[in-house]
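# Coordinates in review
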Amino acid sequence: MNSQLPQRNRLWESLRACPTLTEGSPERDAVWLTVQAVVCTRHTAMATPLGSTTAIVITADEATDELISAMSWLYDNEARARALDADDLYKMLRGVATRGANGSARRRQSDQLHGLTHVSPGNPVRWTHLDAGVAS
């Protein structure tokens, strides 16, 4: 039996118990806490951002970004999320939290590229000192 299954069911049940995400309630707060506990990274893991070919190391330090990313998707796609089964809901939220545009792997990758954009997949980026290429 998959050890994650009870956690995934807990996530699904927490969403089902919440009447709506658009209004404050103890049930909505429970959804946030459950997403944080079930979906967000707690240990070192590898994730490949969508559109990339390189896996990125992510850690619990990125959990806040993951929570915000997952909950943003959940708010924007509440009806769709409610139609998913427990396993698919978990996969969707975990994917958005880690691999999505605002997910932890994408943010970590951006940090590694020091803000460099439009780097084609597979093209290497080398960092050197500015003085290294300057002839005296």
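Residues numbered from 1 in each chain as written. Predicted model: local features only at pLDDT ≥ 70, side-chain atom pairs only at ≥ 80, totals over all residues. Heavy atoms only, no water.

### So, the environment of Thr54
For the record, the criterion: Under the DSSP-based scheme used, a helix requires at least four consecutive residues in state H or I and a strand at least two consecutive residues in state E, with every element numbered from the N terminus. Per-residue accessibility, obtained with a 1.4 Å probe over protein chains only, is compared with the maximum for each type, and a residue is labelled buried under 20%, exposed over 50%, and partly exposed between these values. It only takes one pair of heavy atoms within 4.5 Å for two residues to be counted as in contact.
Mapping Thr54 onto the fold places it in the loop between β1 (45-47) and β2 (56-58). Overall, Thr54 belongs to the partly exposed group, its relative accessible area being 45%. Contact partners of Thr54, with chain neighbours within four places excluded, come to Ala47, Thr48 and Pro49.

### So, the pattern of salt bridges
Stated formally: Salt bridges, as used here, are contacts in which a Lys or Arg side-chain nitrogen is within 4 Å of a carboxyl oxygen on Asp or Glu.
Scanning all chains against the criterion turns up 4 salt bridges. Note that Arg94 is salt-bridged to Glu66, the shortest N-O span being 3.7 Å. Linking Arg94 in helix α5 (residues 86-99) with Glu66 in helix α3 (residues 63-76), this pair joins segments that are 28 residues apart in sequence. When sorted by exposure, Arg94 lands in the same class as Glu66, which is buried. Note that Asp87 and Lys91 form a salt bridge whose closest N and O atoms lie 3.1 Å from each other.

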